[in-house]
Amino acid sequence: MKTNSSLLAERNQHIPQGPFNVHPIFVQKAKGALITDVEGKEYIDFAGGIGVVNVGHCDEEVLKAVQDQIQNYIHTCFHVVMYEPYVELAKRLNKITPGTFSKKTMFTNSGAEGVENAIKIARHATGRPATIAFEDAFHGRTFLALSLTSKMKPYKFGFAPYAPEIYRMPYAYCYRCTFGLEYPACELHCAYFLKDFFHTHISCEQVAALIVEPVLGEGGFVVPPKEYFKVLYKICHENGIVFIADEVQTGFGRTAKMFAIEHYEVEPDMIVMAKSLAAGFPLGGVTGRAELMDHPQVGGLGGTFSGNPVACRAALAVLDLFEKKDLLSRAEQIGKRVLERFKDFQEHYPVVGDVRGLGAMVGMELVVDRKAKEPATAFTKKLVELCREKGLLMISAGTYSNIIRPLMPLIINDEQLEKGLDIIGEAFSELLCLK
Ligand SMILES: Cc1ncc(COP(=O)(O)O)c(C=O)c1O
């Protein structure tokens, strides 16, 4: 039987180091919120394939939909012979995304490709070249998406030159406010700063789009104040700029609404989605105002595999599951419990500098000391490793990789959730020598 270490040796021999691995284990089986490795060790999954399996691993309804689809056809390419699942899924997404205006949806293979297409469409529709993105943003690894991404190492380092005409603003990262201000006394200076930005960085007439994550994902589960996006959106609209919400990580129920931007009562011109859209099948999408989406000429958008029918059927099953299992309410419950436990950790362990969250998107920022807020990067890595040894899979996030970001499947049961949280508590105690 192959072991984790024998497979790791083969992996290292045949696969470059660039495609990174957080945990040195290989999966044998995954079901619900549990992963079993090739040596038979079982783990509670608080990573969810980086927020991809909100409906759980290998849900029966998803399997049924996929099996039914592959009996009939797997691929014809939507651009050659069309198929109904693509149309049906677009129809459903046009209906459930925020905004009462007329919408259209196109599909891609990934989140990064969704981001690329959203920017292409915005440029085409406005005839303008520039995009505004944010500090600590993550939008993917293809060249335009990578250029929009903020974190230098390991994502961007050594890959320059990046795509031109990208301008970067500070995000509403209140725990580390760029302007040294405090909410609400700041009166949302970081949002109104966009007006200054048009004078100091790029003229508004040249900006096609502003792309923003409603809650930073890879940037560390940073939740902006409630009025933040309304301000940004209004300034964009006054200046003919397309407002794009990147909901790749926040989307599909993670924040207890289908899309996180709904918490902020903003109706984005375009939404990019991927990850939990299709329960593990590679699928991304862009939903937007019909007049924008229809702007590029016939043949201007597309891809061989984009909107694969098997992935579309999986996504339709995901949408049914959200209704059937009321996963938005479950996300709310999970979020409350995780927040409670993380706040408790904050009370007991000085290394926990900040706890914040929206729905089930709850993060814990670890710092060397609370005053200087120096990121506790090495400690965070040790915590993640010790949790794995104890049977819990987690991933970190943040520009300094010092933020714990649980992305457990929303179908996780209470017992698994509590056990996972207990393991984090035990790991804290052990690492801080409190036991
Ligand atoms: C907010 C956001 N946008 C885009 C992407 C890129 O998606 P993908 O990895 O599917 O290309 C990610 C991936 O983590 C993401 O979190």
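Right, let's walk through the structure included here.

What counts and what doesn't
Residues numbered from 1 in each chain as written. Predicted model: local features only at pLDDT ≥ 70, side-chain atom pairs only at ≥ 80, totals over all residues. Heavy atoms only, no water. Axes fitted to C-alpha atoms, helices over the stretch in contact; angles between N-to-C directions. Helix = DSSP H or I, 4+ residues; strand = E, 2+ residues; numbered from the N terminus. Parallel < 35°, antiparallel > 145°, perpendicular 65-115°, else oblique. Left-handed = near helix turned anticlockwise from the far one by under 90°. Contact = heavy atoms within 4.5 Å. Nonpolar A, V, L, I, M, F, W, Y, C, P; charged D, E, K, R; others polar. Near = heavy atom within 4 Å. Polar contact = N/O pair within 3.5 Å; in protein donor to acceptor, adjacent residues only side chain to side chain. Salt bridge = Lys/Arg side-chain N within 4 Å of Asp/Glu carboxyl O. Buried < 20%, exposed > 50% of the residue type's maximum accessible area, 1.4 Å probe, protein only. Phe/Tyr/Trp six-rings, centres within 6.5 Å; stacked < 30°, edge-to-face > 60°. Lys NZ or Arg CZ within 6 Å of the ring centre and 35° of its normal.

Notes on the packing of helix α12 (residues 327–348) against helix α14 (residues 414–431)
Move 1: Between α12 and α14, the least distance of the axes is 11 Å, while the angle of their chain directions is 20°. Taken together, the axes of α12 and α14 are roughly parallel relative to one another. Regarding α12 and α14, the two cross each other, and that crossing is right-handed. Residues R330, I334, R337, V338, R341, F342 and F345 of α12 lie in contact with α14, whose contacting residues are D414, L417, E418, L421, D422, I424, G425 and F428.
Move 2: Residues belonging to the contact of α12 with α14 are distributed by class as follows: 8 nonpolar, 1 polar and 6 charged.

Considerations on the site of the ligand
Move 1: Close to the ligand lie S110, G111, A112, F138, H139, G140, E213, D246, V248, Q249 and K275.
Move 2: A distance of 2.8 Å separates an oxygen atom of the ligand from a polar side-chain atom of Q249.
Move 3: In terms of residue class, the shell around the ligand is made up of 3 nonpolar, 5 polar and 3 charged.

What about the pattern of salt bridges?
Move 1: Within the structure shown, the criterion is met by 25 salt bridges.
Move 2: Between K230 and E265 there is a salt bridge, and its shortest N-O distance comes to 3.2 Å. With a gap of 35 residues between them, K230 in helix α9 (residues 228–238) and E265 in the loop between β8 (242–246) and β9 (270–273) connect regions that are remote in the sequence.
Move 3: Overall, K230 belongs to the partly exposed group, its relative accessible area being 40%.
Move 4: Ionic pairing is found between R341 and E418, a salt bridge with its closest N-O pair at 3.0 Å. Of this pair, R341 sits in helix α12 while E418 is found in helix α14, placing the two residues 77 residues apart along the sequence.
Move 5: Overall, the relative accessible area of 13% leaves R341 in the buried class.
Move 6: Residue classification places E418 among the partly exposed residues on the basis of a relative accessible area of 24%.

Details of the packing of aromatic side chains
Move 1: On inspection of all chains with the given rule, the structure shows 20 aromatic pairs.
Move 2: Seen from their ring centres, F252 and F259 are 5.8 Å apart, and the 85° between their planes marks the pair as edge-to-face.
Move 3: The class for F252 is buried, based on a relative accessible area of 1%.
Move 4: Judged by relative accessible area, which is 0%, F259 ranks as buried.
Move 5: Here the aromatic residues Y73, F78, Y83, Y86 and F107 are joined through ring pairs into a cluster of three or more.
Move 6: Residue placement shows K373 over the ring face of Y175; its charged tip is 4.3 Å from the ring centre.

Nothing here speaks to function; it is geometry throughout.
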